[in-house]
Amino acid sequence: HATILKPTECPIIHSDQGVLYGSAEWVKMLEGKAVQSMSRRGNCYDNAVIESFFVILKSGVLLTTYHSIAELQAEIEEYLVYYNQKRIKLDLKGLSLVQYRAQYLS
């Protein structure tokens, strides 16, 4: 299941400075729904975390053939639960991302 944001929370969409992400249509679509974050020009390290995530996503979930958009969406949502809540990271003291964040905030 997808995570439901609280009314006080606003998602952040991070991207490079590609022409799509600077277009008026894109900016208007995000208005009031998400905060836009862009990498600094020519700095690949700004996008390193999300690029790493997409490599993992593509090598796992996206190598399968899906018969519908709903099937793909369900698989991505299931993977996001695994990635954030169940997958442990040794450099985060053996905790999942959610566990580490909760520990940090407490």
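Residues numbered from 1 in each chain as written. Predicted model: local features only at pLDDT ≥ 70, side-chain atom pairs only at ≥ 80, totals over all residues. Heavy atoms only, no water.

S.K.: Can you tell me about the side chain of Arg87, naming the residues and giving the values?
M.R.: Tracing the backbone through its elements, the reader meets Arg87 in the loop between helix H4 (69–86) and helix H5 (97–105). Put simply, Arg87 is tucked away with no salt bridge, and the nearest opposite charge, on Asp91, sits 7.3 Å away. Here the side chain of Arg87 touches Tyr83 through a polar contact of 3.4 Å, landing on its backbone oxygen. Sequence-distant contacts of Arg87, that is, excluding residues within four places in its chain, are made with Tyr82, Leu95, Ser96 and Leu97. (Helix = DSSP H or I, 4+ residues; strand = E, 2+ residues; numbered from the N terminus. Buried < 20%, exposed > 50% of the residue type's maximum accessible area, 1.4 Å probe, protein only. Lys, Arg positive; Asp, Glu negative; His and termini not counted. Salt bridge = Lys/Arg side-chain N within 4 Å of Asp/Glu carboxyl O. Polar contact = N/O pair within 3.5 Å; in protein donor to acceptor, adjacent residues only side chain to side chain. Contact = heavy atoms within 4.5 Å.)

S.K.: Please set out the nonpolar core residue by residue, giving values where relevant.
M.R.: Of all hydrophobic cores here, the largest spans six residues; its members are Phe53, Leu57, Val61, Tyr66, Tyr79 and Tyr83. Of all the elements in the fold, those that place two or more residues in this core are helix H3 (48–60) and H4. Here Tyr83 is in contact with Phe53, Ile56 and Leu97, once residues within four sequence places are set aside. (Core = buried A, V, L, I, M, F, W, Y, C linked by side-chain atoms within 4.5 Å.)

S.K.: Would you mind going over the packing of aromatic side chains in detail, with residue names and values included?
M.R.: Under the counting rule described, the total for this entry stands at six aromatic pairs. An angle of 50° between the planes, with centres 5.9 Å apart, marks the rings of Tyr79 and Tyr82 as tilted. Residue Tyr79 and its partner Tyr82 are located together in helix H4, separated by three residues, close to a single helical turn. Each residue in the set Phe53, Phe54, Tyr79, Tyr82 and Tyr83 is aromatic and connected to the rest through ring pairs, giving one cluster. Over the aromatic face of Tyr83 sits the side chain of Arg87, whose NZ or CZ is 3.8 Å from the ring centroid. (Phe/Tyr/Trp six-rings, centres within 6.5 Å; stacked < 30°, edge-to-face > 60°. Lys NZ or Arg CZ within 6 Å of the ring centre and 35° of its normal.)

S.K.: So what's going on with the pattern of salt bridges? Residues and values would help.
M.R.: Scanning all chains against the criterion turns up one salt bridge. Here Asp91 ties to Lys89 by a salt bridge, and the two come within 3.9 Å at their closest N and O atoms. By relative accessible area, Lys89 is classed as partly exposed at 27%.

S.K.: How would you sum up unusual backbone geometry? Please name residues and give values.
M.R.: Among all residues save glycine, negative phi is the norm, and among peptide bonds the norm is trans. At Lys93, a residue that is not glycine, the phi angle is positive and equals roughly 60°. Along the chain, the position of Lys93 falls in the loop between H4 and H5.

S.K.: Tell me what's going on with the confidence of the model for the protein chain, and back it up with residues and numbers.
M.R.: Taken over all residues, the pLDDT of the protein chain has a mean of 83, while the share at 70 or more is 95%. Summarising per-element confidence for the protein chain, the mean pLDDT is lowest in H3 (79) and highest in helix H2 (residues 24–30) (90). (pLDDT = per-residue confidence, 0-100.)

S.K.: Which residues make up the side chain of Ser96, and what values go with them?
M.R.: In this structure, Ser96 sits in the loop between H4 and H5. Its relative accessible area of 1% is what places Ser96 among the buried residues. For Ser96, the contacting residues outside a window of four places in its chain are Asn84, Gln85, Lys86, Arg87 and Ile88.

S.K.: Please provide a residue-by-residue account of the environment of Cys44, values included.
M.R.: Tracing the backbone shows Cys44 in the loop between strand S2 (35–38) and H3. By relative accessible area, Cys44 is classed as exposed at 54%. Placed 28 residues apart in sequence, Cys44 and Asp16 show a C-alpha to C-alpha distance of 8.5 Å.

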